[in-house]
Amino acid sequence: MRSPRLLLIAFALVADVDLASLAAGLHTGHVVAKVLLMPLLAAYAFASGAPRLLIAGLLCGWGGDVLLLSDADPAFMAGMACFAAGHVCYLVLFGRFPAPRARARRLVPLYSVALATTVTLLWPDLPADLRVPVAGYSALLTAMACSAALRLGPVAGLGGALFMLSDTMIATGIAGWPQSPRPDFWIMLTYAAAQYLIVSGTLDAPPAPATAYREVRSSITP
């Protein structure tokens, strides 16, 4: 089909515009491109026959993207809630795929250590009212990333890991840690790559059980 390919090309072009705008300090270009990113990726996923939960997770990410364009504290909390809802969608979806082999489960302690280390290091420097929400969100994000790696394989697993990296960079900024030049560039680079890899890994994964198969068919039936 040409339609999914064209949508994927459009997503890649908009991602390039967003990154170029961030590198050049063009705020308007970043705002416009960021608002278009997840709808284009969701449209590509839909046209490719993706499960509805994957599309829902992407649209939750879009809501978070829009809300985080504001610097207001309520918008940040609402944006984090949107992303958390997206991770729940992903977790439910990934849980429908075959259980991992025993060898793959060795990854669980690694993700647990990463979560504990990140929260422990960030905790003292986070604003008091954000410590618990950030810790809870981090736990949900880590669970999603771990599930992506265990259930879907290395492509989606890399996407989950990049999602963790992107949000950790946001958290270090909130905590007042030293940042690299143009931190928003690296945040958006890892975030866009993460979402694409999660989509790609889901589409390429072996078929899920019959319930998920019926969901895929219903998502592409008029």
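Residues numbered from 1 in each chain as written. Predicted model: local features only at pLDDT ≥ 70, side-chain atom pairs only at ≥ 80, totals over all residues. Heavy atoms only, no water.

Enquirer: How would you sum up the overall build of the protein? Please name residues and give values.
Expert: Along the protein, the regular secondary structure elements total 9 helices and 0 strands. Helices and strands in the protein line up, N terminus first, as α-α-α-α-α-α-α-α-α. By its C-alpha atoms, the protein is 45 × 40 × 25 Å across when sized along the principal axes. Here the protein holds 222 residues, and the buried ones make up 43% of them. The long-range share in the protein, meaning contacts at least 24 apart out of those at least 6 apart in sequence, stands at 74%. Counting every atom, the protein has about 11,200 Å² of accessible surface; 70% of that belongs to carbon and sulfur. In the protein, 14 side chains carry a positive charge and 11 a negative one; their mean positions are 19 Å apart. (Helix = DSSP H or I, 4+ residues; strand = E, 2+ residues; numbered from the N terminus. Buried < 20%, exposed > 50% of the residue type's maximum accessible area, 1.4 Å probe, protein only. Contact = heavy atoms within 4.5 Å. Areas by Shrake-Rupley, 256 points an atom, 1.4 Å probe, with all protein chains shown as cover. Lys, Arg positive; Asp, Glu negative; His and termini not counted. Charge placed at Lys NZ, Arg CZ, Asp CG, Glu CD.)

Enquirer: Quick rundown of a nonpolar patch on the surface? Include the residues and the values.
Expert: Taken together, the side chains of Leu6, Ile9 and Leu13 present a nonpolar region at the surface, about 290 Å² in accessible area. Among the structural elements, isoleucine 9 can be located in helix 1 (residues 2–24). (Patch = residues over 30% accessible without salt bridge, like charges linked within 9 Å, V, L, I, M, F, W, Y side chains within 5 Å. Salt bridge = Lys/Arg side-chain N within 4 Å of Asp/Glu carboxyl O.)

Enquirer: Tell me about the confidence of the model for the protein, and name the residues and values.
Expert: A residue-level look at the protein finds 92% of positions with pLDDT of 70 or above and a mean pLDDT of 92. Per-element averaging of pLDDT across the protein places helix 9 (residues 210–220) at the bottom with 46 and helix 3 (residues 52–67) at the top with 98. A low-confidence stretch, residues 210–222 (pLDDT under 50), is modelled with 14 contacts involving residues beyond four sequence positions or located in other chains. (pLDDT = per-residue confidence, 0-100.)

Enquirer: If you had to explain helix 3 to someone new, which residues and values would you point to?
Expert: When the terminal C-alpha atoms of helix 3 are compared, their 23 Å separation across 16 residues agrees well with the 22 Å that a helix rising 1.5 Å per residue should span. Taken together, the buried positions of helix 3 are occupied by Leu53, Leu54, Ile55, Gly57, Leu58, Cys60, Gly61, Gly63, Gly64 and Asp65. (Expected span 1.5 Å × (residues − 1).)

Enquirer: Explain helix 4 (residues 73–94) to me, using residue names and the numbers behind them.
Expert: Given a rise of 1.5 Å per residue, 22 residues ought to cover 32 Å, and the 32 Å separating the end C-alpha atoms of helix 4 matches this to within 8%. Along helix 4, the positions that sit buried rather than exposed are Ala75, Phe76, Gly79, Met80, Phe83, Ala84, Gly86, His87, Cys89, Tyr90, Leu93 and Phe94. On its buried face, helix 4 is in contact with helix 3, helix 6 (131–152), helix 7 (154–174) and helix 8 (183–204).

Enquirer: Can you lay out the nonpolar core for me, pointing to particular residues and giving the numbers?
Expert: By size, the foremost hydrophobic cluster in this structure holds 56 residues, and its most contacted members are Leu54, Leu58, Phe94 and Phe163. Elements with a minimum of two residues in this core: helix 1, helix 2 (27–47), helix 3, helix 4, helix 5 (107–122), helix 6, helix 7 and helix 8. In terms of residues, this core owes the most to one element, helix 6, which gives 10 residues. (Core = buried A, V, L, I, M, F, W, Y, C linked by side-chain atoms within 4.5 Å.)

Enquirer: Give me the packing of helix 4 against helix 8: which residues, what numbers.
Expert: Where helix 4 meets helix 8, the axes come as close as 12 Å, and the angle between the chain directions of the two elements is 25°. Regarding the angle of helix 4 to helix 8, the classification is roughly parallel. For the crossing formed where helix 4 meets helix 8, the hand is left-handed. Contacts between helix 4 and helix 8 involve Phe83, Tyr90, Leu93 and Phe94 from the former and Tyr191, Gln195, Ile198 and Thr202 from the latter. For the contact of helix 4 with helix 8, a count of residues per class yields 6 nonpolar, 2 polar and no charged. (Axes fitted to C-alpha atoms, helices over the stretch in contact; angles between N-to-C directions. Parallel < 35°, antiparallel > 145°, perpendicular 65-115°, else oblique. Left-handed = near helix turned anticlockwise from the far one by under 90°. Nonpolar A, V, L, I, M, F, W, Y, C, P; charged D, E, K, R; others polar.)

Enquirer: Run through unusual backbone geometry, naming residues and quoting values.
Expert: Located in the positive-phi region is arginine 182, a residue other than glycine, with phi close to 50°. Tracing the chain through its elements places arginine 182 in the loop between helix 7 and helix 8. By relative accessible area, which is 46% here, arginine 182 ends up partly exposed.

Enquirer: Let's hear about the side chain of threonine 190: which residues, and what values?
Expert: As for its placement among the helices and strands, threonine 190 is situated in helix 8. One polar contact links threonine 190 to serine 166, side chain to side chain, over a distance of 3.5 Å. A polar contact is formed between the side chain of threonine 190 and the backbone oxygen of isoleucine 187, at a distance of 3.0 Å. (Polar contact = N/O pair within 3.5 Å; in protein donor to acceptor, adjacent residues only side chain to side chain.)

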